[in-house]
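Report on the structure
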Amino acid sequence: MSDTSELNPCLACGACCKSYRVSFYWAEAEQRGLPAFLTEQVNPFLSCMAGTNTKRPHCAALLRSSDGGFACRVYEQRPAPCREVQIGDDKCLQARARHGLPALPVDGLSREM
Ligand code: SF4
Ligand code: SF4
């Protein structure tokens, strides 16, 4: 684990990008400038990040870095569900458990990758 990932556990994790359907009101994609090829229509009201509307979600925007870490290729444009996850909150803990990773203490920091 690099010094950076010790400071920011998200860089060595990415579990919440591989655990849930990341859905949002369809107009948010255009408002944030999300590329169309990275989103999918769920119904007339909702879109989701491509790759997350399956039994084994894996967001198409999740990148693997050369050192084995993770990064979001649309971090500045990521939709609301991605902004709401906090390190150590229920979604974080459930996602990490799903991927065999230990729980992290709540630290009030937003996910950053
Ligand atoms: S918020 Fe939690 S589950 Fe999501 S990348 Fe960060 S440490 Fe992993
Ligand atoms: S858009 Fe980025 S932060 Fe959101 S699930 Fe995909 S890779 Fe993760």
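This text gives an overview of the structure that appears in the document. Residue positions are given per chain, counting from 1 as you read along its sequence in written order. Key to labels: chains lettered from A, ligands numbered from 1, both in the order written. Two thresholds apply to this predicted model, a pLDDT of at least 70 for residue-level local features and 80 or more for giving and counting side-chain atom pairs, whereas whole-chain, interface and lining totals are computed over all residues. No hydrogens and no water enter the side-chain calculation; it runs on all heavy atoms of the structure.

Focus: the packing of aromatic side chains
We describe a pair of aromatic rings using the distance from one ring centre to the other and the angle between the two ring planes. Between rings of Phe, Tyr and Trp, where Trp is taken as its six-membered ring, a pair exists when centres lie within 6.5 Å; planes separated by under 30 degrees are stacked, by over 60 edge-to-face, and by other angles tilted. Counted according to the given criterion, the structure contains 1 aromatic pair. With a centroid separation of 5.8 Å and 55 degrees between ring planes, the pair formed by Tyr-25 and Trp-26 is classed as tilted. Taking NZ or CZ as reference, Lys-91 lies 4.6 Å from the ring centre of Tyr-20, over its face. Comment: the charge-over-ring label is applied if NZ (Lys) or CZ (Arg) is within 6 Å of the ring centre and within 35 degrees of the ring normal.

Here's the deal with the nonpolar core
In this structure, Cys-16, Leu-34, Met-49, Ala-61 and Val-74 are the most contacted members of the largest nonpolar core, which totals 21 residues. Strands are runs of DSSP state E lasting at least two residues, helices are runs of H or I lasting at least four, and both sets are numbered from the N terminus onward. Listing elements by their share of this core, those giving two or more residues are strand 5 (70-72) and helix 4 (90-98). With residues near it in sequence (within four places) discarded, Val-74 still touches Leu-34, Pro-35, Leu-38, Met-49 and Ala-61. Here, nonpolar core refers to any group of buried Ala, Val, Leu, Ile, Met, Phe, Trp, Tyr and Cys residues whose side-chain atoms link them within 4.5 Å. Exposure is judged per residue with a 1.4 Å probe applied to protein chains only, and the accessible area is read against the type maximum: over 50% gives exposed, under 20% gives buried, and values in between give partly exposed. We call two residues in contact whenever any of their non-hydrogen atoms come within 4.5 Å of each other.

Notes on the site of ligand 1
Near ligand 1, the surroundings consist of 11 residues, among which Cys-10, Cys-13, Gly-14, Cys-16 and Cys-92 are the closest. When residues are sorted by character, Ala, Val, Leu, Ile, Met, Phe, Trp, Tyr, Cys and Pro go into the nonpolar class, Asp, Glu, Lys and Arg into the charged class, and all the rest, Gly among them, into the polar class. Of the residues assigned to the shell around ligand 1, the class counts are 8 nonpolar, 1 polar and 2 charged. Nearness here has a simple test: a residue counts as near a molecule or strand if at least one of its heavy atoms is within 4 Å of that partner.

A word on the environment of Arg-32
Its place among the elements puts Arg-32 in helix 2 (residues 27-32). The partly exposed category is assigned to Arg-32, whose relative accessible area is 31%. Sequence separation of Arg-32 and Arg-78 is 46 residues, and the distance between their C-alpha atoms is 7.5 Å. When sequence neighbours within four positions are dropped, the list of residues in contact with Arg-32 reads Gln-77, Arg-78, Pro-79, Ala-80 and Arg-83. At 2.6 Å, the side chain of Arg-32 forms a polar contact with the side chain of Glu-28. Any pair of nitrogen or oxygen atoms within 3.5 Å is treated as a polar contact; in protein, a donor-acceptor pairing is required on top of that, and neighbouring residues in sequence qualify only through side-chain atoms on both sides.

Some points on the sheet that holds strand 2 (residues 39-41)
Strand pairing requires that DSSP identify at least two bridges connecting the strands. If you trace the 3 strands from one edge of the open sheet to the other, you get 1-3-2, paired in antiparallel fashion. Two strands bound the open sheet, and with one partner strand each, they are strand 1 (23-25) and strand 2. Ignoring strand direction, the axes of neighbouring strands in this sheet form an average angle of 35 degrees. The pairing of strand 2 with strand 3 (residues 46-49) spans 3 bridges and is antiparallel. Among the inter-strand pairings, Glu-40 is bridged to a residue of strand 3, identified as Cys-48. For every element, the axis is a line fit to its C-alpha atoms; helices are fit only across the contacting stretch, and the angle between N-to-C directions ranges from 0 to 180 degrees.

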